[in-house]
Structures are given as structure tokens and as C-alpha cells.
Amino acid sequence: MTKSSLDLLWGTGDRPSRGPKPGLTLDRIVTTAVGLADAEGLDAVSMRRVSAELGVGTMSLYRYVPGKTELLDLMLDRVQGESLPDGPPAPTDWRDTVTVLARTTVNLYRAHPWLLKVNEARSVLGPSALRGLELCLAGLKGPHGMGLSDPDTISVIIAVQSFAAGSARTELQATEAARETGVDDEEFWRVQRPYLNRAMLSGDYPLMAALADDTFTRETDHFAFGLARLMNGFETLVAEAAHRDPAGTTPDTAP
């Protein structure tokens, strides 16, 4: 984390006082960097490359952004704000909040696959990140919320985002593998099929051999399946919280 990133995100940093190219703005720089990452991946983003895309000298960018680290922080906050609605957060049922959070997160990674390569464990919290968290809390802790403690509520958000990120990673890795190798899924499995058939007939894998023929060929929305199972678990958590007394015990655990 850098103070310069926070200054830029929250509008407290110094603005260029001399020499910037007319029309060059921080907004244009970030927009160009995001577009470059979307088109060519995160490795394509450098101060030199972004300046070339903008048709300015590299030093012109440094008048606005100290370096790539700060630029990446700005890019993250920019894309995180794309799906956020305007206006104050509207109270909603926690189930709707969880569903929107999961689908918004997976769609964010689909739109910007380079995000999967960013270490977000200690991301700088800018306006968009906080706005997104505020919207989540409005649903999870509002009138129709989950009734959980603050730490548990944050754990719910982390669980949903982690599930969505994992689903997106699996999906995007499959697409990336096909693009990089030039081998589609049908050809990939056609080559393996004879070896797998012999393995199944060997008797060494009885449980796999007994699987239904359509186990791996049936069209299944694995994301929807996983989200539904998560929701079932949260329902149980909410029910337990509703029956817990102020001392933190449930009827089954009370002395």
C-alpha cells in the first residue's frame, strides 16, 4: 500500500502544475490502462506502453501517476465501480444481496480476466471498494438482513467472493488453454479417451468406472449449483443466529 495511491484515489494528491499535454487527464490514463489490460493482459500494461497508447511521452504520465503500482490501484478501483448503482444503498433481502454479489463478482472477472492475476490480499481501499462494501452491508445487515455478528457478516462476503473468483478462474483457464494451445475441448478429450477407457477397464478405479455415462457430458451450471449450496449453508447460519440468546448460546448448547 502506498500513500500516493490513497491520495490519488481519494483526490487529495497534488495535481500537475506545469507541462501536461492538453487533454491528458488521470481519468484518460486509467481508462487506457484498463483497456490495454482487457485486450492484452496485465503484462502489457507499463507506463511506457500506456504513454504510447495516449500519444504522449512517458514522463507526462509521471506527472499524474508515480508508477505502475499506483496505476494498478487506480485500475482496480475503476473496474470495481463499474457495476455499482448510483444513489444511496437500498435495503434488500440478504438472499438477493448474496446472489447479486456472487454474480457481479463472477461477471467482473469475466469482463476483466487480468484481475485473476492481481494479488488483492491487501488492496488499497478506494471509493469504489468502500461503496461496494456499503451496498453489501445494506442488504446483509439491514431490516431483512442475516442477523449475524459483524465478523461473521464479513466472512459471508469473503466466502461469496472467493467462490465466485474460483468459478471464474476455472472458466477462464479453460478458455485460455484452448486459445494458447489451439486445441478445443472436443479434441482434448478425444486424444485422452483411449487411455481413460483402458484405465476404467483395468478395475483399478471402480467408483469412477461406475459413474453414469452423462456425468461429465451433461450440461450443468456449476456456478448456479455451488451458489445454491452456499445459500443453503447461510440459511442454516441465519437460523442459528435467530435462536441464539444474548449470551451467545443456543437452546441445544445452553447449560
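Everything numeric here is computed off the predicted structure, so don't read it as measured data. Counting restarts for each chain: residues are numbered from 1 in the order of the written sequence. Predicted model: local features are reported for residues with pLDDT of at least 70 only, side-chain atom pairs are reported and counted for 80 or more only, and whole-chain, interface and lining totals are derived from all residues. Neither water nor hydrogens contribute to the side-chain values; these are computed over all heavy atoms in the structure.

Asks: Would you take a moment to explain the overall build of the chain for this structure?
Replies: Put simply, DSSP H or I for four residues or longer makes a helix, DSSP E for two residues or longer makes a strand, and each gets a number counted from the N terminus. Summing up its helical and strand segments, the chain has 11 helices and zero strands in all. Contacts are assigned to residue pairs that have any heavy atoms within 4.5 Å of one another. In the chain, 75% of the contacts between residues at least 6 apart in sequence involve partners at least 24 apart. To measure how exposed things are, a 1.4 Å probe is used in the Shrake-Rupley method; for residues, cover is taken only from the protein chains shown. As presented, the chain carries roughly 16,100 Å² of accessible surface, and 56% of it is formed by carbon and sulfur atoms.

Asks: Would you mind showing me how to read the confidence of the model for the chain here?
Replies: Interpreting fine coordinate detail is not advised for predicted regions of low pLDDT. You can read pLDDT as the predictor saying how much it trusts each residue, on a scale of 0 to 100. Of the residues in the chain, 89% have a pLDDT of 70 or more, and the chain-wide mean is 87. Across the chain, the element-wise mean pLDDT spans from 85 in helix H1 (residues 3-9) up to 96 in helix H3 (residues 47-54).

Asks: Where do I start with the environment of Asp27 in this structure?
Replies: With respect to the secondary-structure elements, Asp27 resides in helix H2 (residues 26-40). The rule is simple: take the accessible area with a 1.4 Å probe, protein chains only, and divide by the maximum for that residue type; under 20% is buried, over 50% is exposed, in between is partly exposed. Judged by its relative accessible area of 47%, Asp27 is partly exposed. Residues Asp27 and Leu74 lie 47 residues apart in sequence; the distance between their C-alpha atoms is 9.4 Å. Polar contacts here mean pairs of N or O atoms no more than 3.5 Å apart (in protein, one a potential hydrogen donor and the other a potential acceptor; neighbouring residues in sequence count only if both atoms are side-chain atoms). Here the side chain of Asp27 touches Arg78 through a polar contact of 2.7 Å, side chain to side chain.

Asks: Looking at this structure, I do not really get a nonpolar patch on the surface. What am I missing?
Replies: Patch membership is restricted to residues that have no salt bridge and whose relative accessible area is over 30%. Joining uses 9 Å for like charges and 5 Å for the nonpolar side chains Val, Leu, Ile, Met, Phe, Trp and Tyr. Just to be clear on terms, a salt bridge is a Lys or Arg side-chain nitrogen sitting within 4 Å of an Asp or Glu carboxyl oxygen. Judged by side-chain polarity, Trp10, Leu125, Leu130, Leu133, Ile154 and Ile158 come together as a nonpolar surface patch covering roughly 520 Å² of accessible area. Elements supplying a minimum of two residues to the nonpolar patch: helix H7 (127-140) and helix H8 (150-181). Residue position: Ile158 is located in helix H8.

Asks: Please clarify how the pattern of salt bridges should be interpreted in this entry.
Replies: Pairing of side chains with opposite charge becomes possible as their charged atoms draw close. This structure, assessed with the given rule, holds nine salt bridges. Notably, a salt bridge pairs Arg49 with Glu40, separated by 2.7 Å at the nearest N-O pair. We classify Arg49 as partly exposed; its relative accessible area is 26%. Overall, Glu40 belongs to the partly exposed group, its relative accessible area being 45%.

Asks: Help me understand the layout of surface pockets in this model?
Replies: The gaps of empty space that remain are located by a probe, the size of a water molecule, rolled over the atoms. When its volume is computed, the largest pocket comes out at roughly 1,500 Å³. As for the largest pocket, its lining consists of 31 residues, and the residues nearest its centre are Trp189, Thr215, Phe216, Thr217 and Arg218. Elements with a minimum of two residues in the lining of the largest pocket: H8, helix H9 (185-201), helix H10 (206-209) and helix H11 (222-242). Gly is put with the polar residues, along with every residue not named as nonpolar or charged; the nonpolar set is Ala, Val, Leu, Ile, Met, Phe, Trp, Tyr, Cys and Pro, and the charged set is Asp, Glu, Lys and Arg. Among the residues forming the lining of the largest pocket, the class breakdown is 14 nonpolar, eight polar and nine charged. Of the two site types, the cavity is a set of points on a 1 Å grid over the protein atoms alone where a 1.4 Å probe fits but cannot get out, and the pocket is an open set with protein on both sides within 12 Å along at least five of seven lines, each lined by residues with an atom within 4 Å of a point. Grid points are joined across faces, edges and corners, and a volume is the space filled by probe spheres set on the points. Roughly 1,200 Å³ of volume is contained in the second largest pocket. Gln80, Leu101, Thr105, Ile157 and Gln161 are, among the 38 residues lining the second largest pocket, the residues nearest its centre. Broken down by secondary-structure element, the contributors of at least two residues to the lining of the second largest pocket are helix H5 (68-80), helix H6 (94-111), H7 and H8. The biggest single contributor to the lining of the second largest pocket is H6, with eight residues. Across the lining of the second largest pocket, the residue classes break down as 23 nonpolar, 11 polar and four charged.

Asks: Looking at this structure, how should I read H11?
Replies: For an α-helix, the turn length of 3.6 residues means that residues three or four places apart are oriented alike. Given the number of residues in a helix, its expected span is that number minus one, multiplied by 1.5 Å. Taking 1.5 Å per residue, 21 residues should reach 30 Å; H11 reaches 30 Å between its end C-alpha atoms and fits that length. For H11, the complete set of buried residues consists of Phe223, Gly226, Leu227, Met231, Phe234, Val238 and Ala241. Down the axis, H11 shows its buried residues gathered within 140° of arc, on one side only. The exposed set on the far side of H11, more than 90 degrees from its buried face, consists of His222 and Phe225. You can read the cap of H11 off the contacts: a side-chain oxygen lies 3.3 Å from the backbone nitrogen of Phe223, and it is on Asp221. The arc in question is formed by the directions pointing from the helix axis toward the C-beta atoms.

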